[in-house]
Amino acid sequence: MSFLPRLAALSAAALALTSAPTLAMAEPLDLPAAIEFGASPDALSSAFDDLCESYQVHQLDPAELPIAQHSHIQVDCRGFAHAGANRLAEFVFADEALAFVWVLTEAEEEAAHLAALQQRFGTPTHDTAMFVAFADDNVALRRDIPEFLYYGEVIAPMYRGWFDQMSAQ
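Below you will find a few notes about this structure. (Residues numbered from 1 in each chain as written. Predicted model: local features only at pLDDT ≥ 70, side-chain atom pairs only at ≥ 80, totals over all residues. Heavy atoms only, no water.)

### Quick notes on helix H4 (residues 110-121)
For H4, which comprises 12 residues, the first-to-last C-alpha distance of 16 Å matches the rise-based estimate of 16 Å (1.5 Å per residue) to within 8%. Along H4, the residues classified as buried are Ala112, His113, Leu114, Ala116 and Leu117. One or two residues past the end of H4 sits glycine 122, with phi positive at roughly 85°. (Helix = DSSP H or I, 4+ residues; strand = E, 2+ residues; numbered from the N terminus. Expected span 1.5 Å × (residues − 1). Buried < 20%, exposed > 50% of the residue type's maximum accessible area, 1.4 Å probe, protein only.)

### Observations regarding the state of the cysteines
A complete count under the given rule lists one disulfide for this structure. Cysteine 52 shares a disulfide with cysteine 77; S-S distance 2.0 Å. On the sign convention where negative means left-handed, the S-S torsion of about -115° between cysteine 52 and cysteine 77 marks this disulfide as left-handed. Of the two residues, cysteine 52 is situated in the loop between helix H3 (41-51) and strand E1 (54-60) and cysteine 77 in strand E2 (residues 72-82); the sequence distance between them amounts to 25 residues. (Disulfide = S-S within 2.5 Å.)

### Quick look at the nonpolar core
Core analysis: the largest hydrophobic core is formed by 28 residues, its most contacted members being Phe48, Phe91, Phe93, Phe148 and Tyr150. Breaking this core down by element, the ones donating at least two residues are H3, E2, strand E3 (85-94), strand E4 (97-104), H4, strand E6 (131-134), strand E7 (139-142) and strand E8 (147-151). Take this core: its biggest share by element is four residues, from E2. Residues within four places of phenylalanine 48 in sequence aside, it is in contact with Ile35, Pro41, Tyr55, Val75, Phe91 and Phe93. Judged by nonpolar contacts, the second largest core, of 18 residues, contains Leu65, Ala68, Ala94 and Ile155. (Core = buried A, V, L, I, M, F, W, Y, C linked by side-chain atoms within 4.5 Å. Contact = heavy atoms within 4.5 Å.)

Shown next as structure tokens:
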């Protein structure tokens, strides 16, 4: 993304944070209702048709994903509208069930995204140099690789354990 569109997107996000009512601020943080954790890639294919400018399905080695026994699929969704911009979203499926979603952002957006998450969810459960987690709400903001993380209830204990471990270091 070139400098001017990135600046325009950042300005729009900053304006939304300073001038929008609280309810309007929360909406860009939600995943669309059509995205259901636990759903299969086939069940979400019409959602990907609607929500992505384009998408690619990758069959990956299950051994690369500790929670997968039989299959590891990732859907890369380009042009996914989230947090005020069109983004790359990575939908990760373990054994045919949506487990988590990464939505890539830009490093310079971190402060605005963090403010919006705190407005929405309150005080983070974990705050490290690598991430800020709101584990009670199954969402985190990565700092080392700028992106949102959303995950389902099935793997929430695994993520909370990882957040606890990383916070203790």
